[in-house]
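Structural overview for review
What follows is the residue order along each chain.
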Amino acid sequence: MAVAQVPRNFKLLAELEKGEKGMGAGACSYGLEDPEDIFMTHWRGTIWGPPHGNHENRIYELKMECGPNYPREPPAIHFVSQINLPGVSNNDGKLDNNAVAVLRDWTRIATELAKNPRPKEDPLSLETALIAVRKYMEEHKKLPQPPEGSKYAMYR
């Protein structure tokens, strides 16, 4: 028996509300890049650098794009703040989805969720993606980083 899926815009509205009210994880925040974006495609996020490494006391800015197939497909994530991290393009800050497990497995998880009832906590959301990216940063916390405040050329 197939389970009804929540339409894209309803899901994104719920995520927007959670992000704007600060109901999510304290180390990450997110919201629409443009409040007039009726398709809720372009988002901004911030990640507070994990402690005890070269990311500590830094705030990283990211752009996220939820395409027309979101949440069946993961958001595209770009770092605006320059970062030295495997899987992040040195040219434009694009994060390779294969570098972060939840992004790599997103489509498979979405397919499984479509067949089975949703768990209490949604495993596929912008917040989940940001938390997973932060955890990935923590795994590479000893890598030297560009000067604080540096941005990729396309975002200057």
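Per chain, residues are indexed from 1 in the order of the written sequence. The model is predicted, so local features are restricted to residues of pLDDT at least 70 and side-chain atom pairs to those at 80 or more, both for listing and for counting; the totals for chains, interfaces and linings are taken over all residues. Here the side-chain values reflect all heavy atoms present in the structure, with hydrogen atoms and water set aside.

You'll find the protein chain entered in an unreviewed UniProt entry as Ubiquitin-conjugating enzyme/RWD-like protein, with Schizothecium vesticola given as the organism.

**Concerning helix H1 (residues 8–20)**
As a reminder, the rule being used: Working definition: helices are DSSP H or I runs of at least four residues, strands are E runs of at least two. Numbering for both runs from the N terminus. For a helix, the expected span equals 1.5 Å multiplied by the residue count minus one. A 1.4 Å probe rolled over the protein chains alone gives each residue an accessible area, and that area as a share of the maximum for its type sets the label: buried under 20%, exposed over 50%, partly exposed in between. The directions considered for the arc run from the helix axis to the C-beta atoms.
With 13 residues, H1 should cover 18 Å at 1.5 Å per step; its first-to-last C-alpha distance of 18 Å lies within 8% of that length. Three or more residues of H1 are buried, namely Arg8, Lys11, Leu12, Glu15, Leu16 and Gly19. All buried residues of H1 fall inside an arc of 140° around its axis, so they share one side. With respect to the buried face of H1, the exposed residues turned more than 90 degrees away are Phe10 and Glu20.

**A short note on the sheet that holds strand E2 (residues 42–48)**
Backbone hydrogen bonds are what pair the strands of a sheet, in a parallel or an antiparallel way. For clarity, the threshold we go by: Two strands are said to pair when DSSP picks up at least two bridges between them. Axes, fitted as lines to C-alpha atoms, cover a helix only where it is in contact. Angles between the N-to-C directions of the axes lie from 0 to 180 degrees.
Spatial ordering of the open sheet is given by E1-E2-E3-E4, a layout of 4 strands whose pairing is antiparallel. Of all the strands in the sheet, the pair left with one neighbour each is strand E1 (28–32) and strand E4 (76–79). Going from strand to strand, the sheet's axes swing by 25° on average, the running direction of each strand aside. Pairing analysis gives 5 bridges linking E1 to E2, with the strands arranged antiparallel. Within the sheet, the bridge partner assigned to Leu32 lies in E2 and is Trp43.

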